[in-house]
Each structure stands twice: as C-alpha cells, then as structure tokens.
Amino acid sequence: MRGTPASTLLPLAPLAAVLAGAVCYPALVLTWYGLSRDGLPSAANLWLVLADPDTWRVLRNTLYVATWTTALAGALGTVLAFLVARTNLPGRSVFQGVLILPYLVPPFIGAMAWLYVLGPTGLVNQAWMALSGSSDPVVWIYGSGGIVFAMTLYKYPIAYLTVLAGLERVDPALEEAARSAGASPWRTARDVTVPLVAPGIAAGMTLVFLSAMAEFGTPAILGFPARYFVLATKIYATVLDFDRPYNLHLAAALSLLLVLVAGGVLALQRWWFRGRGFALITGPGRAPVIPLGAARGWLGAAMAVFVLLTSALPLGAVVLTALTRAYGRPLTVDNLGLENFRLILFQIPAVWRAVRNSLVLAAAAATICVALALAVAYLQQRVRLRGGTILETLVTLPFAVPGTVLALAIVLAFLRPVFGLQLYNTLWIILIAYVARFLALALRPVAAALLQLHPALEEAARASGASLWRSLADVTVPLLRSGLLAAWVLAAVPALTELTLSVILWSAGNETIGVMAFNLHEEGKVLLSAALATVIVAVSLGAHVLGRYLAGVPAPRDA
C-alpha cells in the first residue's frame, strides 16, 4: 500500500469496521465462550460436551444424514448435469433451467412441502387410508430417512450446477480427439470427460456435504417430532435450554465441534486435489453430443416425470394445503377456499410485522452488502491491496461456517452492550448477521462486473480532474449498474426468506417472515403456515426472475 493515496484507501475504513464487528469479534467471542467459564480459561465445556454420549449420538446423526445426502444428491446432480450437457436429451434447454427450481425454494419450506405430501395426514397417506380402509399411514417421513429424502431433493441442484459449470469448461478438443481415435461416445465420457470434470464433482459434493451438515430447517421440521437431532438443531436446543447451567458455553463448544468437522472436510478436499492438474480451459468448437438412441424418448419422459414429482408436486401440495379449510378432511370443493390467505394477510398483525421486518432487513442488508462488495472488489482489482487473500477469506468465512454457529457467535458478541449500544433483542443484531452472511454472495457479481470494466475509463475521468469519488459516482457505478442490481437481488432474496440465523436472533416484535412460518408450523397451525409458505415461495421465485432480468440473462435458464 506504500505510495497509495489516502483517499483511495477510504473504502477500507467502513469495510474494516464491518469485518471486525461482524466477523472477527464474534468469532473470538464464540471461541472464548467455548473455552472459558466464569471469565477464566477452561476446558470444562469441551470435556462436558465430549463426555456426553448424546453428543456422539448427535454427531453420528449429523454425519449420517450429511453423508447419505451427499452421496444421493451428488450422484443425482452429476447424472442430470451430464444428461443435459452431453446428450441429445429432448427438451434439454428447458430442463437445464427447471432443474434448479428446488434450489430457489427455502429448505424449510421444502421440508414443509414434503410433509404435506408424505406426512401422517399428507396427500399420499390420505389416499392410502381412503383406498385401503387402514387407519395407519403407509409412509413415515419423520426421522433420518425423511430428512435425507427432503435434503437430497433440495440440494441436488448444488451438485448439478457445479458439475454443469465444469462440463462447460472442458476443452472439446480432448473429447473430439478421443472420438477420432476410435473411442465410443460412452468410452470417451468414462475415460476423458468424467476424469476432467472430477474437481467439479468433488466441489459440488463438498458443498452439498457442508450445506447438509449445517442445515437447520429440514432437520427441525422432520426431526423434532421423532426427537432426531443433528448438531445444528442440538445447538439451537442448547441455546434455548435456559435451565441448564452454562448453556451458552456448551452451545459454543458444540459450535466449535461443528466448525472442526466442516474444516476437516474442506482440508480433506484440498489434500485430495493438491498437485493434480486438469485441462479445463474452454477451447473452440462444441463438445460432441452422445446419442441416446432408442432410449432418448424414454429418458425425456422420465426427466419430465422427475421434474413434476420433485418440483411441481411438493409446491402444488403447499398451495393445496393453503387453500384447504379443514386439514385432514377430504379435498372436496367445499373444503377449499382463500380463508387462510385472508387470515394471514388481514387478521394476524404479527404477519404484517414480520413481512415488514423481513423487507426492511433484506433491503438494508442487500444495500450494505453491495456497497461493501464494491469496496472489496475495488481494493482487490484497482488498488491491488496487499493481503487481498485475507480480506477475501474474512468476507467468505461467515458464509462458509454453518448458520447456526454464526448466529450463536453474533448472540454471544452482542449479548451485552458494546460501546454503550444495546443491539441484542433488536433488529440491528439480525441485520449484522445478514450482512456478515450474505456479503460473499454480493461480492461475486460485483467483482465480475468490475473485472469487465476497463480502468481506462476511470483513469480518463481522473485525468480530467475528477476526484476518486466523483469518478466512482459518474463513471464506475453507472457502468456497473446491472452487476450491482444482480448482486443486490442475490443478497436480498435469501435474506428475505432466511430462517437459520433469524430463529436464534429474533425477539418479540422483531420476527421475520421465515421465523413466522416456522413458528406457525411448530404451533400446529398447518394451514396458516402453508398459506404463508405459499407467499414466501411466490416472492422467492419472483425475485429470482427479477434478478435474472436485471442481470440480462433470460429466465428461467440457468448455468
């Protein structure tokens, strides 16, 4: 930074303040809580946690559901990406877009959706009992099997998108060379394409594993009734166990255990691919397409059925449940209406308060995230700031650690007033968590847009006498407008429907829409929670289409 004008480093000041207050300080406080008691260093919390047989049972549960979800979602996402990108599957351009639909639905809403389909009073069990005369359900979705099933169907798009991106970067010349040498299409795929895209497959499965391990909503909705806990829900239950001595210290120790497992997985992935080279530079031409032959029509039909069963059916069940007057009664015309939407939208003041809070939090968090992302990208690409890797790590860290851990760290950091400011039990503490969590999402499109903008335009403005801030306001920001808007939507959408952070940080009067839907469900108000879930899904899908439009990419196709 030597020789850098002081005005150029001004963006560093608010950025440093946010990273110090929302990332470094909470991380240190969380570690201190886990390793101390009564203000003194102590390993008692760790020993108590490690000596508790329930901790190991919960850890086994966590690894069990995360491993099975990774295996199933990883295999499913890889096969779907390969079919869409490398075969002559009919309608593959349409499938390429609709296959990401489950990713746009908040996971806890997805769990609720499958509960309406396969739950004890869901559509399938209702039909079974009506046809067979049995009083017992034929499908039981609570517990580990239901959690793995729901998480697989809502996390396979992570692997699908990662593998798809890897396939698009494979040099077509390598596959064409194998075909020219006499290899069959499937032999080329097995010996050339799959090994080249292996890093993408591994990266996708790692992301699925970390996401499944940190998931709160699905294990909470499908695990609590069966008293099946994973680490994320165990931490949540420990935080709320106010009668247990040192409950926050024990929750912090459990969080350190969860971070340790996540870090071990990331280290294992890096070790596995260390020093290995892969030819993933896109070359001219198009990758050869594998003909499916007589199976083409069948596979196209199977793909359509898969999309209907995994996307349309659960979302349709949510809407149908929201329209039902009496849950559990036969779905006749007399039992359908808009009563639940009327109650949700006009009769429950807390719902409007939650909607208002979520809108304000999402808009504020997204705006702050975009401003900070622009500062980070500018410092990295224009100033060439030393320590850019550390800066990027600090920005990425809150998104990489489980949301439950981040929420607990924020609670512990701001449990007491900081510099005389009381943030606990206010919306401000949720806003801090959202900014820390979603800054990484905003950084990617902003950095990409700034990379495409040649610095000569800003240099011309500075040479004409414009100050740094004037050149930013008059040249850089207008030219980055589409990228900034896309980043704003990318941060705002998950913030609008967020649950994992909010469910630990909310307080009376400061509910969010995700917390409201979760609480309605936990209180047994199934129809009202379904109506609110319908609104959340509509907002989430609408925001996605808006984001694609602002980014200049036609919806619904994705890559």
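What counts as what
Residues numbered from 1 in each chain as written. Predicted model: local features only at pLDDT ≥ 70, side-chain atom pairs only at ≥ 80, totals over all residues. Heavy atoms only, no water. Helix = DSSP H or I, 4+ residues; strand = E, 2+ residues; numbered from the N terminus. Rg over C-alpha atoms; globule rule 2.2 N^0.38 Å. Buried < 20%, exposed > 50% of the residue type's maximum accessible area, 1.4 Å probe, protein only. Arc of directions from axis to C-beta. Contact = heavy atoms within 4.5 Å. Salt bridge = Lys/Arg side-chain N within 4 Å of Asp/Glu carboxyl O. pLDDT = per-residue confidence, 0-100. Phe/Tyr/Trp six-rings, centres within 6.5 Å; stacked < 30°, edge-to-face > 60°. Core = buried A, V, L, I, M, F, W, Y, C linked by side-chain atoms within 4.5 Å. Axes fitted to C-alpha atoms, helices over the stretch in contact; angles between N-to-C directions. Parallel < 35°, antiparallel > 145°, perpendicular 65-115°, else oblique. Left-handed = near helix turned anticlockwise from the far one by under 90°. Nonpolar A, V, L, I, M, F, W, Y, C, P; charged D, E, K, R; others polar. Expected span 1.5 Å × (residues − 1). Patch = residues over 30% accessible without salt bridge, like charges linked within 9 Å, V, L, I, M, F, W, Y side chains within 5 Å. Areas by Shrake-Rupley, 256 points an atom, 1.4 Å probe, with all protein chains shown as cover. Disulfide = S-S within 2.5 Å.

A. Molecular detail of the overall build of the protein. Along the backbone of the protein there are 26 helices and two strands. Rg of the C-alpha trace for the protein: 25 Å, near the compact-globule value of 24 Å for 559 residues, within the 12% margin. Counting only C-alpha atoms and orienting by the principal axes, one finds that the protein spans roughly 80 × 70 × 50 Å. For the protein, the proportion of its 559 residues judged to be buried stands at 50%.

B. Spotlight on helix H9 (residues 172-180). Inspection of H9 places Pro172, Glu175 and Ala178 among the buried residues, and these make up the whole buried set. Along the axis of H9, the buried residues cluster in a sector spanning 125 degrees; they form a single face. Where H9 is buried, its residues contact helix H3 (53-86) and helix H10 (185-196). Downstream of H9 by one or two residues, Gly182 has phi in the positive range, about 105 degrees.

C. Spotlight on the pattern of salt bridges. Going through the model one piece at a time under the given rule, you end up with nine salt bridges. Of the charged contacts, one joins Lys234 and Asp54 as a salt bridge, the two residues approaching to 2.6 Å between their closest N and O atoms. Here Lys234 is found in helix H13 (residues 231-240), whereas its partner Asp54 is found in helix H3, with 180 residues between them in sequence. Exposure class is identical for Lys234 and Asp54. Each is buried.

D. Representation of the confidence of the model for the protein. Averaged over every residue, the pLDDT of the protein is 84; residues scoring 70 or more account for 93%. Per-residue pLDDT stays below 50 along residues 553-559; that stretch engages in 18 contacts with residues further than four places along the chain or on separate chains.

E. The arrangement of the packing of aromatic side chains in detail. Under the counting rule described, the total for this entry stands at 10 aromatic pairs. Ring geometry for Trp140 and Tyr142: centres 5.2 Å apart, planes at 75 degrees, overall edge-to-face. For the pair Phe216 and Phe518, a centre-to-centre distance of 5.9 Å together with 50 degrees between the ring planes defines the contact as tilted. Taken together, the residues Phe216 in the loop between helix H11 (198-214) and helix H12 (217-223) and Phe518 in helix H25 (residues 513-522) connect sequence positions 302 residues apart. Grouping residues by exposure puts Phe216 and Phe518 together as buried.

F. Region of the structure containing the nonpolar core. By size, the foremost hydrophobic cluster in this structure holds 138 residues, and its most contacted members are Leu222, Leu408, Leu505 and Leu532. In terms of residues, this core owes the most to one element, helix H17 (residues 349-381), which gives 17 residues. Listed in part, the 25 residues of the second largest apolar core include Ala81, Leu89, Leu161 and Val197.

G. Spatial organisation of the packing of H3 against helix H8 (residues 144-169). Axis separation between H3 and H8 bottoms out at 6 Å; the angle between their running directions is 40 degrees. Viewed along their axes, H3 and H8 adopt a mutual orientation that is oblique. Regarding H3 and H8, the two cross each other, and that crossing is right-handed. Each residue belonging to the contact of H3 with H8 can be placed in one class, and the counts come to 20 nonpolar, six polar and two charged.

H. Spatial organisation of H11. Over its 17 residues, H11 extends 24 Å from the first C-alpha to the last, a length consistent with the 24 Å expected when each residue adds 1.5 Å. What H11 keeps buried is the set Gly200, Ile201, Ala202, Gly204, Thr206, Val208, Phe209, Leu210, Ala212, Met213 and Ala214.

I. Inspection of the environment of Val493 at higher detail. Residue placement: Val493 occurs in helix H23 (residues 481-496). Of the residues examined, Val493 reaches a relative accessible area of 18% and is grouped as buried. Separated by 475 residues in sequence, Val493 and Val18 place their C-alpha atoms 21 Å apart. Residue contacts for Val493: discarding those within four places in its chain leaves Ser540 and Ala543.

J. A look at a nonpolar patch on the surface. A cluster of nonpolar side chains, contributed by Trp47, Leu50 and Trp56, occupies part of the molecular surface with about 350 Å² of accessible area. Assessed through its relative accessible area of 39%, Trp56 is described here as partly exposed.

K. Molecular detail of unusual backbone geometry. Phi at Arg227 takes a positive value of approximately 50 degrees, unusual for a residue other than glycine. If you trace the backbone, Arg227 turns up in the loop between H12 and H13.

L. Just the environment of Val29, in detail. Checked against the element boundaries, Val29 lands in helix H1 (residues 12-34). Assessed through its relative accessible area of 11%, Val29 is described here as buried. For Val29 and Leu345, which are 316 residues apart along the polypeptide, the C-alpha to C-alpha distance reads 40 Å. In this structure Val29 touches Leu412 and Ala413, once residues within four positions along its chain are discounted.

M. View of the side chain of Thr324. Mapped onto the elements, Thr324 comes out in the loop between helix H15 (296-323) and helix H16 (339-347). Setting aside its immediate chain neighbours within four residues, Thr324 contacts Leu331, Asn335, Leu336, Asn340 and Leu527.

N. Layout of the side chain of Thr69. With respect to the helices, strands and loops of the structure, Thr69 is situated in helix H3. Using a relative accessible area of 0% as the deciding quantity, one classes Thr69 as buried.

O. Up close: the environment of Leu101. Here Leu101 is to be found in helix H5 (residues 101-104). With relative accessibility at 30%, the residue Leu101 sits in the partly exposed group. Linking Leu101 and Leu231, residues 130 residues apart in sequence, is a C-alpha distance of 28 Å. The residues touching Leu101, leaving out its near neighbours within four places in the chain, are Ser311 and Leu541.

P. Region of the structure containing the state of the cysteines. The tally for this structure, following the rule as stated, stands at zero disulfides. Between Cys24, a cysteine without a disulfide, and Cys369, which holds the nearest cysteine sulfur, the sulfur-to-sulfur distance is 16 Å.

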